[in-house]
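Observations on the model geometry
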Amino acid sequence: MNEENIKTLLTEEKWTRATITNYTIPNFEELDAIVEKIDDSEELLEVKNICDEYLEKNKNSIIAMYLSGSIALRRKSLDYGNITSLIEMFNENKKYGLVEHLSLKVLNRFEDKYVIRVLASSYEKTNREEDKYSLYERLVKVDYDETDLLQDIAERYVSKGNKDKALFYYKKALQRFLNAQNLPAVKEVWTILLKMIPDDFAYLLGLAQRISVRFQGDQIVQMIAQLYEVAIEDEDWDKGIIVLKTILDLDSHSEWARERLVDCYRSKYADHSRLESCIDISNLDKNYRDVHSAIDDFEKNIAFDKGSFVYHKTWSIGRIRELSHENVVIDFPQKRNHSMSLGMAFSSLQVLPKHHIWVLKSVFPKEKLTEKFKTDVPWGLRTLISSHGNQATLKDMKAEIVPSILTAKEWISWQTSAKKIIMNDPLIGFLPNDPDVYTVRATPISYDEKSLGIFRNEKRFYQKVRIVRDFLESGDPETEFFMEMVQYFVDQCTVYQKVNDQVIASFLFVDYLCDRYPFLERPGTVDFKHLYGLLDDAPKTFGAIEDSELKKSFIDNVVSIEDPENVEKVLISLYPYYLTSYIMDMLREQGRQKVIEDMFRNACRNYRENADLFTYLARTYDRKFWEKKIKIPFETLLTSELQLLDYAFNAIEAKKFTNENRKIAKTLMTILFDERLIFDFLKNANEGSAQRINFIVQRMQGLEQAKKVEVKHAILDKYPDFVFLGEESSSTEVVSSGLLVTKAKFLEKQAELDRIMNVEIPENSKEIGEALSLGDLRENSEFKAAKEKQGILNTTMMRLTDEISRATVVNQKMVDSSKVSFGTEVVLENHISGDEDVYRIFGPWESDPNLHTISYLAPFGAKLLNHKVGERFTFEINEQKYDFTVKSIKGLSV
């Protein structure tokens, strides 16, 4: 019907000769209403095909172009080029309202760079400046070749006084200029950032180091020199020294940097008594000496000063009291005023900074340090790491402060807080080759760099995939850190010995990343079809992939490269390894309803071979779906579920695929008993169906007895006179509710059965095995005794199993004291003896005639049942006559 309406619309358009100028937004909204009424995916595709065929002869049909493109967008297909063509047509004719309407329709589905540009251009022509820049911000997120536009956006935010936004886009622009190797643009943005954030020294220093990795030469040195000028404006000599060292790392022969480094040291240590001596000894101001060696010598020498703390391996912590050009006088705790030569001091003493943990321990009382560590965990963390040569594990830290500062219990709490700080503090990093060794950084470690460190040290493949996915939520994909992570997966899918799940997953992940970030280069030497063809077992390989999104991608690729005649077969083979609606939805979209029905029927029929699949389908689709859509009767479905449950119980007992079968059993128990599916069936089942279901339930060895009893009771509720298969109906053995018992006896019998099945029978089997090993069974008394015991145990087990299966636990509310019944005490006037006889009525399990406790199933007990107070009755058992009157009846505690 819809196809005919579309053909009519196209014909009318042709005869009315509608042109571009005639179209308005309401015209397109009317067409949208037509498309929205089509629910069936096949019919929707048919309408698109009609439009596409029509366009082959009528290429300017606006209706055909719009409907074809709209249906593609609705199906999330990239084949929406006809809408783009319409946007171009209306843009050329300056119909900007329609350009916006159609562009937004596309952009609601896809971030199309071309459409964004066209729409931004139309906004510019209509003076919609704010809307234009909103689109520009959207564009730079998807077009990674855009660089100048980022700087343009940043400059606009500067003009609006929004510094934070401006900085965000300047930093983005700088990263893209770095990637593009555009040094002039990098220098321009660098200069802007120096002016905008002169106080953010750590970021600027880190940025300078990143720039120096990408570029070399005097221009880079000059750029970093600008940071030096910023650093010393406030006479922060430490920052100046750090920058100058960075320059000297790039150019060790820079006289300018060396001279200024000496100046900074002189300013920093202006009050040091040995400043000039240290400069002279190290030759720091002499160009012939290697600058890095000179810096090391200078810093080692300058550390020795009056008041400095030192460590000696024998005398522990001391403090320099006096210092001359020849001698050092040190106060150690056990050796005051100790004098040694300066040369000896350099070789035997380690200078400690005043914040070193050893110094702190020697200066402050334990109570004060304990309080400091507990209230300022970040400080404690940095102190411990820096005290350990700026390389410390948590184990090292614990050894340092437990028990000298913190107790073992206090350490646990402190460590938990420290781990959170380690992950979030940008100035705490870890060694590239060991993530357990932490360092304090001079420059902040970015989220990107920290992610790469975690990625490098992760050994599990799919956890690496997860790290990259997490990175893409907060990290910058345009950094070198991201590129290194991507390269790992490129290598995995291009260099391999055998194609396995990780090779396939790497290709699919790289393919996904290349789609999302067009600046990435696809590996040209490999494709999915080639890798797929090399698989030994595609379903098992697919099952080994541990990432849900990559599994979807695998399925999509299989559909695109497989023979159309074979697609449905392959999808069905993959289904057990990806139990979601994804494959089902794909089959529905392709109109493969019969394939779906056959899969359901096959899973139900061959439930053992398709255990996971059948369990998933049984859990996901209710019985009405199975009955109406799949045409499988309720009893057939229930029978397969029960038989699979029995199979799972047996497999667990045999220790076969225990974990998998436990999951199956748990799911089926939930469906059958917790969600009451089996009882829903029994409410409406005929006696034959109830008999069949009960037979399966009762023979399940792994099903707890209470569940079996519950099923029997459900059947008896519907059919009070029901005779269970293999059981005789007798008024002396069975009542409508089964065998009546007290809770205490029921638990006792269950425990007895459990002991026989799980202790005595296994022990007996062991005894039989040991007896067999003795040989000659004819004279083997041990074997005969063990076999006799086996017969007794089996008989007892069968009897208890039967009795427990028939047992009904009587609670207090069920005791009826208006007549003689289970759980009552009756006082009888014996007219033959003239005595009063007292009897307690219970079941065979509780019966003890010596204590006047009799079973309601025994001949004597059965004759007493149902008589009320005041009734006189007589009976005869084994030729003995009885004549009683009921004097009183009371309920007993059960």
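This write-up is about the structure you can find in this document.

A closer look at helix α11 (residues 183-196)
Taking 1.5 Å of rise per residue, the 14 residues of α11 would be expected to cover 20 Å, and the 20 Å separating its terminal C-alpha atoms lies within 8% of that figure. Restricting attention to buried positions, one finds in α11 the residues Leu183, Ala185, Val186, Val189, Trp190, Leu193, Leu194 and Met196. Tucked inside the fold, the buried residues of α11 contact α9 (148-159), α10 (163-179), α12 (201-214) and α13 (218-231). With a side-chain oxygen positioned 3.2 Å from the backbone nitrogen of alanine 185, the residue opening α11 is asparagine 182.

A closer look at the pattern of salt bridges
The tally for this structure, following the rule as stated, stands at 53 salt bridges. Aspartate 79 serves as the salt-bridge partner of lysine 48, at 2.7 Å between the closest nitrogen and oxygen. Of this pair, lysine 48 sits in helix α3 (residues 41-57) while aspartate 79 sits in the loop between α4 (62-74) and α5 (81-92), and the two are 31 residues apart along the sequence. Arginine 289 is paired through a salt bridge with aspartate 297; the nearest N and O atoms lie 2.8 Å apart. One salt-bridge network, held together by shared partners, links Lys172, Arg176, Asp476 and Glu478.

So, the environment of tryptophan 315
In this structure, tryptophan 315 sits in the loop between β1 (309-312) and β2 (316-323). Note on tryptophan 315: relative accessible area 28%, which makes it partly exposed. Between the C-alpha atoms of tryptophan 315 and proline 333, which are 18 residues apart in sequence, the distance is 7.7 Å.

Let's talk about the packing of aromatic side chains
One pair of aromatic rings is described through two measures. These are the centre distance and the angle between the planes. Here the structure, examined in full by the defined rule, presents 56 aromatic pairs. A centroid spacing of 5.3 Å and a plane angle of 80° characterise the contact between tyrosine 133 and tyrosine 136, whose relative ring orientation is edge-to-face. Here tyrosine 136 and tyrosine 133 lie together in helix α8 (residues 129-142), a separation of 3 residues that amounts to about one turn. Across the pair, tyrosine 136 and tyrosine 133 agree in class, each one buried. Taken together, a centroid distance of 5.8 Å and an interplanar angle of 80° make the contact between phenylalanine 461 and phenylalanine 489 edge-to-face. Linking phenylalanine 461 in helix α25 (residues 461-474) with phenylalanine 489 in helix α26 (residues 480-494), this pair joins segments that are 28 residues apart in sequence. Accessibility classification places phenylalanine 461 together with phenylalanine 489 in one group, the buried group. An aromatic cluster of three or more residues is present, and its members are Phe455, Phe461, Tyr462, Tyr488, Phe489, Phe509 and Tyr512. If you follow lysine 171 out to its NZ or CZ, it ends over the ring of tyrosine 203, 4.2 Å from the centre. One residue, lysine 551, lies across the ring of phenylalanine 542, its end atom 5.1 Å from the ring centre.

With respect to the layout of surface pockets
The volume enclosed by the largest pocket comes to roughly 1500 Å³. Mapped by element, the contributors of at least two residues to the lining of the largest pocket are α8, α10, α12, α24 (447-457), α25, α26 and α27 (501-516). Residues of the lining of the largest pocket, tallied by class, amount to 22 nonpolar, 8 polar and 19 charged.

What about unusual backbone geometry?
Residue proline 403 follows valine 402 across a cis peptide bond; omega there is 10°. Summarising the element assignment, proline 403 is placed in the loop between α22 (394-401) and α23 (408-424). A positive phi angle, close to 60°, is found at lysine 655, a residue other than glycine. With respect to the element layout, lysine 655 can be found in the loop between α36 (634-653) and α37 (658-674). You can call lysine 655 exposed: its relative accessible area is 69%. Notably, asparagine 878 is not glycine yet its phi reads approximately 55°, a positive angle. Looking at the secondary structure, you find asparagine 878 in the loop between β13 (872-877) and β14 (880-891).

Criteria and cut-off values
Residues numbered from 1 in each chain as written. Predicted model: local features only at pLDDT ≥ 70, side-chain atom pairs only at ≥ 80, totals over all residues. Heavy atoms only, no water. Helix = DSSP H or I, 4+ residues; strand = E, 2+ residues; numbered from the N terminus. Expected span 1.5 Å × (residues − 1). Buried < 20%, exposed > 50% of the residue type's maximum accessible area, 1.4 Å probe, protein only. Contact = heavy atoms within 4.5 Å. Polar contact = N/O pair within 3.5 Å; in protein donor to acceptor, adjacent residues only side chain to side chain. Salt bridge = Lys/Arg side-chain N within 4 Å of Asp/Glu carboxyl O. Phe/Tyr/Trp six-rings, centres within 6.5 Å; stacked < 30°, edge-to-face > 60°. Lys NZ or Arg CZ within 6 Å of the ring centre and 35° of its normal. 1 Å grid on protein atoms, 1.4 Å probe; cavity = no way out; pocket = protein on both sides within 12 Å on 5 of 7 lines; lining within 4 Å. Points joined across faces, edges and corners; volume = space filled by probe spheres on them. Nonpolar A, V, L, I, M, F, W, Y, C, P; charged D, E, K, R; others polar.

By themselves, these observations are geometric and do not establish any function.
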